[in-house]
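What follows is each chain in one-letter form.
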Amino acid sequence: MRALTLWRNARLATLCGAEPWGWVEHGAVLTDGATIAWAGPQTDLPRDLLQVVDRDHDLGRALVTPGIVDCHTHLVYGGQRAREFELRLQGASYEEIARAGGGIRSTVAATRAASDESLFAAARRRALVLMAEGDTTVEIKSGYGLSLHDEGRCLGVARRLAAELPLTVRTSYLGAHALPPEFHGRPDDYITAVCEWMPQLQAAGLVDAVDAFCENIGFSPAQTRRVFETARSLGLPVKLHAEQLSDQGGAALAAGFEALSCDHLEHLNAQGIAAMRDAGTGAVLLPGAYYFLRETKLPPIAQLREHGVPIALATDHNPGSSPGLSLQLMINMACTLFRMTPEEAVRGVTQHAARALGLLERGTLAPGQRADFVVWDLEHPNELAYWFGHNPCRRVVFGGEERGQPQPPGKSVQ
Ligand code: NIG
Ligand code: FE
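Presented here is an overview of the structure given in this document. Quantities reported herein were computed from a predicted structural model and do not represent experimental measurements. (Residues numbered from 1 in each chain as written. Chains lettered and ligands numbered in written order. Predicted model: local features only at pLDDT ≥ 70, side-chain atom pairs only at ≥ 80, totals over all residues. Heavy atoms only, no water.)

Observations concerning the overall build of the protein
So, point 1. The helix and strand inventory of the protein stands at 16 helices and 16 strands.
So, point 2. What you see for the protein is a C-alpha radius of gyration of 21 Å, in line with the 22 Å of a compact globule of 414 residues.
So, point 3. Considering only C-alpha atoms, the protein reaches an extent of 70 × 45 × 45 Å along its principal axes.
So, point 4. Out of the 414 residues in the protein, the part that is buried amounts to 59%.
So, point 5. In the protein, once contacts between residues fewer than 6 apart in sequence are set aside, the share between residues at least 24 apart is 71%.
So, point 6. Working note: accessible area of the protein is about 15700 Å², and carbon and sulfur atoms make up 51% of it.
So, point 7. Side chains of the protein carry 38 positive and 47 negative charges; the gap between the two charge centres is 2 Å. (Helix = DSSP H or I, 4+ residues; strand = E, 2+ residues; numbered from the N terminus. Rg over C-alpha atoms; globule rule 2.2 N^0.38 Å. Buried < 20%, exposed > 50% of the residue type's maximum accessible area, 1.4 Å probe, protein only. Contact = heavy atoms within 4.5 Å. Areas by Shrake-Rupley, 256 points an atom, 1.4 Å probe, with all protein chains shown as cover. Lys, Arg positive; Asp, Glu negative; His and termini not counted. Charge placed at Lys NZ, Arg CZ, Asp CG, Glu CD.)

Structure below.
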């Protein structure tokens, strides 16, 4: 016999249908196990379904949105780079620090030196901060190990987070993030190694997608292509750190491999936008990195909009370019810095973020979707873009079950 759970007396931002926000002023959601069975105006609840309701929650007119999805993070790493931040404030550029052996490579050294347990404990603290704000799905990249052993350890930590926390984790293998010191002067040999490790990490069940950093201080388009060709031969979807600091034509390259997403995109050109549109590749904008690197060149939002490229937002949490752990703040920044509308920004951390991970059964409140949603101490979703610096997340339902609000970590997130 079916046993449904009713979540009633709510204001719903379903993010589906023709209404702005998919708005339902007096709404209810019915969940059947981990799936949404029905969502809509409470007065339209089908009687036959009401008869099999087992549990009933009155949400007291609170706002309900789909679960929040952070589709681009580098959550697993050792150490921190506050000193580098000071140097940048004194005038050093991100590229200069990277070329001098700091930047990503300094985090690689700290990550390699960290034990499995300390990497896990720090990543867990960071994940709890994200979860406290309503995150139900988080993408986690490797990219600070840069050896088969250490990339495997970092991806293993990401898998363990999903096993131990009420959180969905999608992993991306980012071996092509930076050149490790043992391959100094031999980037093509390193790419060969990255490609050789890929099937081994995949066979260990550690890889959901493959990412790369196509940039002057990362890897060339030709090297990125080799990584993508290997991924394609293994049936793995790809995504790309593209056009962050310069125009490399990375977005068009990634679109040629039907990438799930291209991320950053401050220097994206018109050809890249058209290629993304034609391939169905999503854009992931990262206002935290834009802000923290004090960038001035905006991603081409109007053109992405014009071409109907779906725009997601993410924290890009990492110790170098975006040490923040608040997707709510990213919603606000996307509006203030990027001039996105509040509705675009909220869709960017739900519907479009899920799509950027290839997860089509998440990100809206509709029958058949996974029952991940957030109950907010708010009346309207435009408040998610308006408030910053406090957390209005009241309750989180994960896979149809209420998830206890995690305790804020007693220690720093390092
Ligand atoms: O997404 N751009 C490359 N990767 C990260 C930064 C990594 C770091 O600085 O440690 C990013 O911004
Ligand atoms: Fe990133």
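What about the coordination of the iron ion (ligand 2)?
So, point 1. Taken together, the protein ligands of the iron ion (ligand 2) are H72 (NE2), H74 (NE2), H241 (NE2) and D316 (OD), with distances of 2.0 to 2.3 Å.
So, point 2. Sequence spacing among the residues donating to the iron ion (ligand 2) works out to H-x1-H-x166-H-x74-D. Of the two residues, H72 is situated in the loop between β6 (68–70) and α2 (82–89) and H241 in strand β10 (residues 239–242); the sequence distance between them amounts to 169 residues. (Donors = N, O, S within 2.8 Å, 3.2 Å for Na, K, Ca; no water.)

Considerations on helix α6 (residues 148–164)
So, point 1. Over its 17 residues, α6 extends 24 Å from the first C-alpha to the last, a length consistent with the 24 Å expected when each residue adds 1.5 Å.
So, point 2. Against the buried residues of α6 lie α4 (104–113), α5 (116–132), β7 (135–141), β8 (168–176) and α7 (187–203). (Expected span 1.5 Å × (residues − 1).)

Section: the site of ligand 1
So, point 1. By nearness alone, 15 residues border ligand 1, and R81, Y94, Y144, Q244 and S321 come closest of all.
So, point 2. Contact between ligand 1 and R81: an oxygen atom at 2.7 Å from a side-chain N or O atom of the residue.
So, point 3. In this structure, D316 approaches ligand 1 through a side-chain N or O atom, which is 2.9 Å from an oxygen atom. (Near = heavy atom within 4 Å. Polar contact = N/O pair within 3.5 Å; in protein donor to acceptor, adjacent residues only side chain to side chain.)

Some points on the packing of α7 against helix α8 (residues 221–233)
So, point 1. Between α7 and α8, the shortest axis-to-axis distance is 10 Å and the interhelical angle comes to 15°. The angle between α7 and α8 falls in the class roughly parallel. When the axes of α7 and α8 are compared, the crossing they make is right-handed. From α7, P187, D188, I191, T192, V194, C195 and M198 reach across to α8, where they touch Q223, R226, V227, T230 and A231.
So, point 2. For the contact of α7 with α8, the per-class residue count stands at seven nonpolar, three polar and two charged. (Axes fitted to C-alpha atoms, helices over the stretch in contact; angles between N-to-C directions. Parallel < 35°, antiparallel > 145°, perpendicular 65-115°, else oblique. Left-handed = near helix turned anticlockwise from the far one by under 90°. Nonpolar A, V, L, I, M, F, W, Y, C, P; charged D, E, K, R; others polar.)

Focus: the packing of α5 against α6
So, point 1. Between α5 and α6, the shortest axis-to-axis distance is 10 Å and the interhelical angle comes to 50°. If you check the angle between α5 and α6, you find them oblique. When you trace α5 past α6, the crossing you get is right-handed. When α5 is examined against α6, the residues D116, E117, L119, F120, A123 and R124 are found in contact with a partner set consisting of R153, C154, V157, R160, L161 and E164.
So, point 2. Of the residues that constitute the contact of α5 with α6, the class distribution is six nonpolar, no polar and six charged.

A short note on unusual backbone geometry
So, point 1. Positioned with a positive phi, L15 is a non-glycine residue whose angle comes to about 60°.
So, point 2. Secondary-structure assignment places L15 in the loop between β1 (4–13) and β2 (23–32).

Points about the nonpolar core
So, point 1. Ranked by internal contacts, the top residues of the largest apolar core, which has 79 residues, are Y173, V210, V227 and L265.
So, point 2. Once residues within four sequence positions are removed from consideration, V227 is found in contact with A176, I191, V194, C195, M198 and V210.
So, point 3. Core analysis: the next-biggest nonpolar cluster, separate from the first, contains 20 residues, A114, L130, L165 and L167 among them. (Core = buried A, V, L, I, M, F, W, Y, C linked by side-chain atoms within 4.5 Å.)

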